[in-house]
Amino acid sequence: MSGFAGLGLATAWVAAEERVRVLDFVTRIPASFPEGRFTQRSELERGANAVSPPAGLAGWCELVERYGRMSLAEVFAPAISLAMDGFALSEFGADQFNEQLLLLPEWPELHASVSNNYARGSGTASVGTLIRQRELAQTLTDISMWSFI
């Protein structure tokens, strides 16, 4: 849940204020949410109903703007490098993606995307596979050019 559309909390020591600050970027559930609409938790596992309003990116940007000493470009540089150059998939990562790949055939577009990205279309993610996400690198690069007024 730590991606762009994820949720989060950040706890930081703010030296200038000599105190701890917490930024909550977990989105609220609207009062109009149809709580009787869903009868099983499984209805919320995948697809559009499983998505909350995106908050992760807004939270990160707020932290940089309010308390940061670095620009977004500096903050995102390591992530951009990893996304562009790639990283080797660990055993834990391969296990997690393989578990999800078994659950995704109901969502063909999502299954194809995850399979292509993490299992190279083979249907099974393997330890050591180099994961490159060039589109993510470009997105992070574009966002890192934002400036706050």
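Below, the structure is looked at part by part. This is a predicted model, so every value here is computed, not measured.

### A few points about the overall build of the chain
Link 1 in the chain: Scanning the chain from N- to C-terminus turns up 5 helices and 4 strands.
Link 2 in the chain: Listed by position from the N terminus, the elements making up the chain come as β-β-α-α-β-α-α-β-α.
Link 3 in the chain: Seen through its C-alpha atoms, the chain measures out along the principal axes to roughly 50 × 45 × 25 Å.
Link 4 in the chain: By residue count, 25% of the 149 residues in the chain fall in the buried class.
Link 5 in the chain: Accessible surface computed for the chain: about 10,500 Å², of which carbon and sulfur atoms make up 57%.

### A short note on the environment of Ser113
Link 1 in the chain: By the secondary structure assignment, Ser113 is in helix α4 (residues 108–118).
Link 2 in the chain: On the accessibility criterion, Ser113 (45% relative accessible area) is partly exposed.

### Considerations on helix α5 (residues 134–144)
Link 1 in the chain: Along α5, the residues that are buried comprise Ala137, Leu140, Ile143 and Ser144. Projected down its long axis, α5 carries its buried residues within an arc of 130 degrees, all on one side.

### Regarding the pairing of strand β2 (residues 19–25)
Link 1 in the chain: Pairing of strand β1 (residues 8–14) with β2, which is carried by 7 bridges, proceeds in the antiparallel orientation. In the sheet register, Gly8 faces β2, and the bridge partner there is Phe25.
Link 2 in the chain: Connecting the antiparallel pair β1 and β2 is a turn made up of 4 residues, with Glu18 showing a positive phi of about 50 degrees.

### Remarks on the packing of aromatic side chains
Describing an aromatic ring pair means giving the distance of the ring centres and the angle of the ring planes.
Link 1 in the chain: This structure, assessed with the given rule, holds 2 aromatic pairs.
Link 2 in the chain: Measuring from centroid to centroid gives 6.2 Å for Trp60 and Phe76, while their planes differ by 85 degrees, and the two rings are edge-to-face. Taken as a pair, Trp60 in helix α1 (residues 56–67) and Phe76 in helix α2 (residues 72–85) lie far apart in primary sequence, 16 residues in all.
Link 3 in the chain: Its relative accessible area of 6% is what places Phe76 among the buried residues.
Link 4 in the chain: Each ring, one from Phe97 and one from Tyr118, has its centre 3.8 Å from the other, and the planes form 10 degrees; the classification is stacked.

### What about the nonpolar core?
Link 1 in the chain: Of all hydrophobic cores here, the largest spans 10 residues; its members are Leu57, Cys61, Val64, Leu72, Phe76, Ile80, Ala83, Ala137, Leu140 and Ile143.
Link 2 in the chain: Put simply, the parts of the chain that give this core at least two residues each are α1, α2 and α5.
Link 3 in the chain: For this core, the element with the most residues is α2, which contributes 4 residues.
Link 4 in the chain: Apart from residues no more than four positions distant in its own chain, Leu140 is found in contact with Phe4, Phe76, Ala79 and Ile80.
Link 5 in the chain: Membership of the second largest hydrophobic core comes to 9 residues, among which are Leu89, Leu101, Leu104 and Val114.

About the criteria used
- Residues numbered from 1 in each chain as written.
- Predicted model: local features only at pLDDT ≥ 70, side-chain atom pairs only at ≥ 80, totals over all residues.
- Heavy atoms only, no water.
- Helix = DSSP H or I, 4+ residues; strand = E, 2+ residues; numbered from the N terminus.
- Buried < 20%, exposed > 50% of the residue type's maximum accessible area, 1.4 Å probe, protein only.
- Areas by Shrake-Rupley, 256 points an atom, 1.4 Å probe, with all protein chains shown as cover.
- Arc of directions from axis to C-beta.
- Pairing = 2+ DSSP bridges.
- Phe/Tyr/Trp six-rings, centres within 6.5 Å; stacked < 30°, edge-to-face > 60°.
- Core = buried A, V, L, I, M, F, W, Y, C linked by side-chain atoms within 4.5 Å.
- Contact = heavy atoms within 4.5 Å.

These results come straight from atomic positions and should not be treated as a statement about function.
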